[in-house]
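What the coordinates show
Below, each chain spelled out in residue letters.
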Amino acid sequence: MVAVMAAEAVAVAASNIFGLSLEELTAEFSLLKLPKFRAKQIAAWIYQRGATSFEQMTDLPKSLRDQLIELYEIRPAKLITQLDSTDSLTTKFLLGLSDGAAVETVLMRHDYGNSVCISTQVGCAMGCKFCASTILGLERNLSAAEILSEVLFVNSTLEERIDNIVIMGIGEPLMNYDNLIKFLKMIHAEYTIGLSYRKITVSTCGIVPNIYKLSEEDLPITLSISLHAPNNELRSRLMPINENFHIDEVVKAGRDYGEKTGRRVTYEYILIAEVNDTKEHALQLSRLLSGQLCNVNLIPINPVAERNFKRPSKESVNNFADYLNNRGITATVRKEMGANINAACGQLRLRKK
Ligand code: SAH
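Being a predicted model, the structure only gives us computed values, none of them experimental.

Criteria and thresholds
Residues numbered from 1 in each chain as written. Predicted model: local features only at pLDDT ≥ 70, side-chain atom pairs only at ≥ 80, totals over all residues. Heavy atoms only, no water. Helix = DSSP H or I, 4+ residues; strand = E, 2+ residues; numbered from the N terminus. Buried < 20%, exposed > 50% of the residue type's maximum accessible area, 1.4 Å probe, protein only. Contact = heavy atoms within 4.5 Å. Areas by Shrake-Rupley, 256 points an atom, 1.4 Å probe, with all protein chains shown as cover. Lys, Arg positive; Asp, Glu negative; His and termini not counted. Charge placed at Lys NZ, Arg CZ, Asp CG, Glu CD. Domains from an automatic or database assignment. Buried area = accessible area lost by both parts, 1.4 Å probe. Salt bridge = Lys/Arg side-chain N within 4 Å of Asp/Glu carboxyl O. Nonpolar A, V, L, I, M, F, W, Y, C, P; charged D, E, K, R; others polar. Near = heavy atom within 4 Å. Polar contact = N/O pair within 3.5 Å; in protein donor to acceptor, adjacent residues only side chain to side chain. 1 Å grid on protein atoms, 1.4 Å probe; cavity = no way out; pocket = protein on both sides within 12 Å on 5 of 7 lines; lining within 4 Å. Sits in = over half its atoms within 2 Å of the grid points. Phe/Tyr/Trp six-rings, centres within 6.5 Å; stacked < 30°, edge-to-face > 60°. Lys NZ or Arg CZ within 6 Å of the ring centre and 35° of its normal.

**Digging into the overall build of the protein chain**
- Within the protein chain one finds 11 helices and 12 strands.
- If one aligns the C-alpha atoms of the protein chain with their principal axes, the spans along those axes are about 70 × 45 × 45 Å.
- By residue count, 54% of the 353 residues in the protein chain fall in the buried class.
- The long-range share in the protein chain, meaning contacts at least 24 apart out of those at least 6 apart in sequence, stands at 64%.
- Summing over all exposed atoms, the protein chain offers an accessible surface of approximately 16,600 Å²; the carbon and sulfur share of this is 52%.
- Within the protein chain, the 40 negative side-chain charges are centred at a point lying 2 Å from the centre of the 39 positive side-chain charges.

So this is what it looks like as structure tokens:
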């Protein structure tokens, strides 16, 4: 009885093959005694041509298609709604997952190419005080297949290619580490979109042990660290995770990442009027990062209805940037996109009711 149940459980788990890597597909199909090239062929159908049924795979023998239909399904996330910004440069996709949860993905058409901003969790447990994604807490991690689905769905809507992926949507990617790594390897693989690791940015609130782990993976992705304050006291007030990993440990891990990988780390710094945007804060920040190969990306806060933070004036944002640049810290101000569809940073949230 137990054996029967276990066998059934395996069959159920194996039924959706969307998200299996080529190696996993090869292993799965070897049970059916299929030659290796079949796995390659099917992977290309699923991940490059967007097939969701074996019937579409017209270059497979009919008998094989029938056999596969009996055994497997191909179920990526499905579109629920799509919203375009008024300037049509930004599109937000709400994708439905098999358990009824939904995930948000944003396409940004920059003058330097198409960027896709993806989520790694349903909700977020980090509790940052300025962020809308964490208000309802964490529901669950996304699987590697679900993360992959976000990118491939956007890819299927585009005629041109995807040029960049930024992992800056909902959730903390380094709290979903194994699925993140599996996703990164798959999206880089030739049988999907073969995106260069250098075109991928992972953003973290500073999960220190996993920053070290990531630096050992030999994946030359860009690391972006959400700093948002120049000292422990203020950072802990804005970002509770700072109580677990203090600011100096975070910056040390960032320095180590840069040295090990040779990749310049980005520090994101949201500017909040009268909270972290004074000359004194800029001075502290420049001291904290001095001598480190890094960029600072300044983000005027997107005010979130549920949070009482204000955006500083343009002048004060520029002064902050000048102050850092004059002290040898490269700082740029992030261009905002998608505000009118609630797709701006920290606003990726389903207004369900
Ligand atoms: N958890 C990861 C990635 C998701 S957040 C991280 O913390 O980096 C992506 C970026 O959006 C982070 O830098 C985050 O701090 C920022 N962000 C969150 N809320 C924001 C808001 N209201 N305005 C501007 N940026 C915000």
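Now that the structure is up, let's keep going.
**A short note on the domain arrangement of the protein chain**
- As assigned here, the protein chain comprises domain 1 (2-73) and domain 2 (78-352).
- For domain 1 and domain 2, the distance between their C-alpha centres works out to 35 Å.
- In total, domain 1 and domain 2 occlude about 810 Å² of area from one another, counting both sides; carbon and sulfur atoms represent 61% of this.
- Together, F18, Y47 and Q48 form the three largest contributors to the area buried by domain 1 at its contact with domain 2, with a combined 57%.
- In this structure, the connection of domain 1 to domain 2 is made through one salt bridge.
- Residues that form the side of domain 1 that touches domain 2 fall into these classes: six nonpolar, three polar and two charged.

**Quick notes on the site of the ligand**
- Taken together, 20 residues sit near the ligand, with E172, S203, S226, H228 and E268 positioned nearest.
- Interatomic distance of 2.5 Å between a side-chain N/O atom of H228 and an oxygen atom of the ligand.
- The contact in question runs from an oxygen atom of the ligand to an N or O atom on the side chain of E268, over 2.8 Å.
- For the ligand, whose accessible area on its own is 530 Å², the fraction buried by protein is 96%.
- Among the cavities detected, the one that contains the ligand is the largest cavity.
- Mapped by element, the contributors of at least two residues to the shell around the ligand are β8 (200-204) and β10 (265-271).
- Grouping the constituent residues of the shell around the ligand by class yields 10 nonpolar, eight polar and two charged.

**Overview of the environment of A77**
- Along the chain, A77 turns up in the loop between α4 (62-71) and β1 (78-84).
- Sequence separation between A77 and Y177 is 100 residues; the distance between their C-alpha atoms is 21 Å.
- What A77 contacts, discounting residues up to four positions off in sequence, is L95, G96, L97 and S149.

**Quick look at the packing of aromatic side chains**
- Taken as a whole, this structure holds five aromatic pairs when the rule is applied.
- When the ring of F93 is compared with that of F153, the centres are 5.6 Å apart and the planes differ by 70°; the resulting orientation is edge-to-face. A residue pair is termed long-range when its members are at least 10 positions apart, and F93 in strand β2 (residues 90-96) and F153 in helix α5 (residues 144-157) qualify at 60 residues.
- The class of F93 is buried, set by a relative accessible area of 1%.
- Taken together, the ring pairs in this structure connect F18, Y47 and Y191 into an aromatic cluster.
- Of note, R49 hangs over the ring of W45, and the distance from its end group to the ring centre comes to 3.7 Å.

**Here we look at the side chain of T90**
- The residue T90 is located in strand β2 in this model.
- Those residues in contact with T90, other than ones at most four positions away along the chain, are L83, D84, S85, V106, L107, M108, R109, M337, G338, I341 and A343.

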